Amino acid sequence: MGHQVISSFAPPYPAPMAALVDGAMADLAGRLGLAPADITVEGVHAVVWSDGSIGCPQPGMLYTQALVEGALILLGTGGARYSYHSAGGRPAFLCERPG
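The present account deals with the structure reproduced in this document. These figures come from a predicted structure and were not determined experimentally.

What counts, and at which threshold
- Here the residue numbering is sequential within each chain, running from 1 through the sequence in written order.
- Where totals are concerned, whole chains, interfaces and linings use all residues; where local detail is concerned, this predicted model gives features only for residues with pLDDT of at least 70, and gives and counts side-chain atom pairs only at 80 or more.
- Derived side-chain values reflect all non-hydrogen atoms in the structure, with water molecules and hydrogen atoms excluded from consideration.
- The secondary structure listing takes helices from DSSP runs of H or I that are at least 4 residues long and strands from runs of E that are at least 2 residues long, numbered from the N terminus.
- Each polar contact in these results corresponds to two N or O atoms within 3.5 Å; when the atoms are within protein, one needs to be able to donate a hydrogen and the other to accept it, and residues that are neighboring in sequence are counted only if both atoms are side-chain atoms.
- What is meant by a nonpolar core is a set of buried Ala, Val, Leu, Ile, Met, Phe, Trp, Tyr and Cys residues, joined one to another through side-chain atoms within 4.5 Å.
- Think of it in three bands: with a 1.4 Å probe and only protein chains considered, a residue is buried below 20% of the maximum accessible area for its type, exposed above 50%, and partly exposed in between.
- Contacts between residues were defined by any pair of non-hydrogen atoms, one from each residue, lying within 4.5 Å.
- For two strands to pair, DSSP has to find at least two bridges joining them.
- Think of each axis as a best-fit line through the C-alpha atoms, taken over the contacting stretch in the case of a helix, with angles from 0 to 180 degrees between the N-to-C directions.

Attention now goes to the side chain of His85. Note on placement: His85 falls in strand 4 (residues 80-87). Side-chain polar atoms of His85 contact the backbone oxygen of Ile54, separated by 2.7 Å.

Shown next, in the form of structure tokens:
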């Protein structure tokens, strides 16, 4: 998937990760019309992405070929898993086609 896990976190999450998790949960809840309590956190990881696509390359785009420190947040609900990616201090975003 284009990343290496540096460390994994369990609750309570450190402040920077907690903000990313809260934002990802709020985003997914809004997208799916659910309460955040209906979403489970399946994994919170500090990672090094293999390039500037931060694990979510888009067709036709070119990315820096440098290692990028960031975060991977895995959420689940109703048997589905959702992957949120972050790097460079930006909020986590839903990666619909991790690659």
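Let's pick the thread back up.
With 18 residues, the main nonpolar core has Met17, Ile73, Leu75 and Tyr84 as its most contacted residues. Elements with a minimum of two residues in this core: helix 1 (15-32), strand 2 (40-49), strand 3 (68-77) and strand 4. Top element by residues in this core is helix 1. It accounts for 7 residues. In this structure, Tyr84 is in contact with Ala24, Asp27, Leu28, Arg31, Ala71, Leu72, Ile73, Leu75, Ala92, Phe93 and Leu94, ignoring residues within four places of it in sequence. Formed by 6 residues, the second largest nonpolar core is a distinct cluster that contains Ile54, Leu72, Leu74 and Ala87.

Right, let's get into the pairing of strand 3. Of all the 10 residues making up strand 3, 8 are buried; the element is thus mostly covered by neighbouring parts of the structure. Relative to strand 4, strand 3 runs antiparallel, the two being bridged by 8 bridges. Across the sheet, residue Gly70 finds its bridge partner in strand 4, namely Ala87. Once strand 3 ends, the chain turns through 2 residues before running back antiparallel as strand 4, passing Gly78 with a positive phi of about 60 degrees.

Sheet architecture is open: 5 strands sit in the order 1-2-3-4-5, paired in antiparallel fashion. Edge positions in the open sheet fall to strand 1 (3-8) and strand 5 (93-95), since each of these has one partner strand only. Neighbour-to-neighbour, the strand axes of the sheet open up by a mean angle of 40 degrees, direction not taken into account. With respect to the sheet, helix 1 is in contact with strand 2, strand 3, strand 4 and strand 5, its orientation differing from that of strand 3 by roughly 45 degrees.

So, on to unusual backbone geometry. Residues Pro11 and Pro12 are joined by a peptide bond in cis, for which omega reads -5 degrees. Relative to the helices and strands, Pro12 resides in the loop between strand 1 and helix 1. The phi dihedral of Ile54 falls on the positive side, at around 40 degrees, and the residue is not glycine. Within the secondary structure, Ile54 is located in the loop between strand 2 and strand 3. For Ile54, a relative accessible area of 6% translates into the label buried.

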